[in-house]
Amino acid sequence: MNAVIERPLELEDAVARLTPEVIRAARARAAHEQQSVCTVLQHELALSPELLLQALGQRMHHEVLGSAALSLLAPAFDLIGYADAARRGCMACREGGDVIAVISDPFDHGLQDWCVEQLAVPHEIRLAAADDIAALLSRHEESMRAIDTAMPAREGAQTRTGDLEDLSIRSI
C-alpha cells in the first residue's frame, strides 16, 4: 500500500483510539505522574507527536496547522507579546479579520484561560506542534533583532559596548 493511502488510515485509526475513556484515563495518569496529557497519550497509544496532534485536532474539532500554514499567519504581538508567547509556547495571530490563538496542547486549560484573558476578543483555537511554534517565534525574534540593528541609535542613548552580553528576548 502506498504512503498516500496509509496516512489517512493511520490517522483514522488514531482518532478511533482516542475515545473519551482513553482521554479520561490519560488525564488521571497525567495528573498522578505530573506529565502532560499529550505525553501520556503519545506513550499509551504509541503515536508520533505529529499523528497525535492530528488525531486530537480531529477529535476535538480544532484545525491543526503545519509549519507552512503557521508561517502564513500574521503574528499579533500587540495581543500576546513576543516575550509572553515565547515563555508560554503559544501565539496570537490574525487571519483576515479573525484572531487565532495557536497552542500545542489542547489539554492545557490554564494556557487557554490565559489566552482568553490576554486576547479579550473572540478568537479561534488552532493547534500546531510546539517545535513549529518555537521555530516561528525564533524567526520573528531574528527579524526584530535585525530591525533593532538597522535602526539608528537615538541621540543621547547609550551605545552598546563589546563587553555587554547580547540577550535574547527569549532568555529574559
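Look a little higher up for the structure.
Below, the structure is looked at part by part.

Here is what the cut-offs are and how they apply
Residues numbered from 1 in each chain as written. Predicted model: local features only at pLDDT ≥ 70, side-chain atom pairs only at ≥ 80, totals over all residues. Heavy atoms only, no water. Phe/Tyr/Trp six-rings, centres within 6.5 Å; stacked < 30°, edge-to-face > 60°. Buried < 20%, exposed > 50% of the residue type's maximum accessible area, 1.4 Å probe, protein only. Lys NZ or Arg CZ within 6 Å of the ring centre and 35° of its normal. Helix = DSSP H or I, 4+ residues; strand = E, 2+ residues; numbered from the N terminus. Arc of directions from axis to C-beta. Contact = heavy atoms within 4.5 Å. 1 Å grid on protein atoms, 1.4 Å probe; cavity = no way out; pocket = protein on both sides within 12 Å on 5 of 7 lines; lining within 4 Å. Points joined across faces, edges and corners; volume = space filled by probe spheres on them. Nonpolar A, V, L, I, M, F, W, Y, C, P; charged D, E, K, R; others polar.

### Brief notes about the packing of aromatic side chains
Piece 1. Scanning all chains against the criterion turns up one aromatic pair.
Piece 2. Here Phe77 and Tyr82 contribute two aromatic rings whose centre-to-centre distance is 5.8 Å and whose plane-to-plane angle is 70°, an arrangement assigned as edge-to-face.
Piece 3. When its relative accessible area of 24% is taken as the criterion, Phe77 is described as partly exposed.
Piece 4. The lysine or arginine in question, Arg88, covers the ring of Trp114, its NZ or CZ lying 4.1 Å from the ring centre.

### Notes on helix H7 (residues 109-119)
Piece 1. Those residues of H7 that sit buried are Leu111, Gln112, Trp114, Cys115 and Leu119. The arc that holds every buried residue of H7, seen down its axis, measures 160°, which confines them to one face.
Piece 2. Close packing links the buried residues of H7 with helix H6 (82-88), strand S3 (91-95), strand S4 (98-103) and strand S5 (124-128).

### Observations concerning the layout of surface pockets
Piece 1. A volume near 320 Å³ is recorded for the second largest pocket.
Piece 2. As for the second largest pocket, its lining consists of 15 residues, and the residues nearest its centre are Cys38, Gln42, Pro49, Ser104 and Ala130.
Piece 3. Mapped by element, the contributors of at least two residues to the lining of the second largest pocket are helix H3 (37-45), helix H4 (49-60) and helix H8 (130-150).
Piece 4. Classifying every residue of the lining of the second largest pocket gives eight nonpolar, four polar and three charged.

### Structural notes on the environment of Ala28
Piece 1. Mapped onto the fold, Ala28 is located in helix H2 (residues 20-33).
Piece 2. The exposure class of Ala28 is partly exposed, given its relative accessible area of 48%.
Piece 3. C-alpha separation for the pair Ala28 and Val40, spaced twelve residues apart in sequence, amounts to 9.8 Å.

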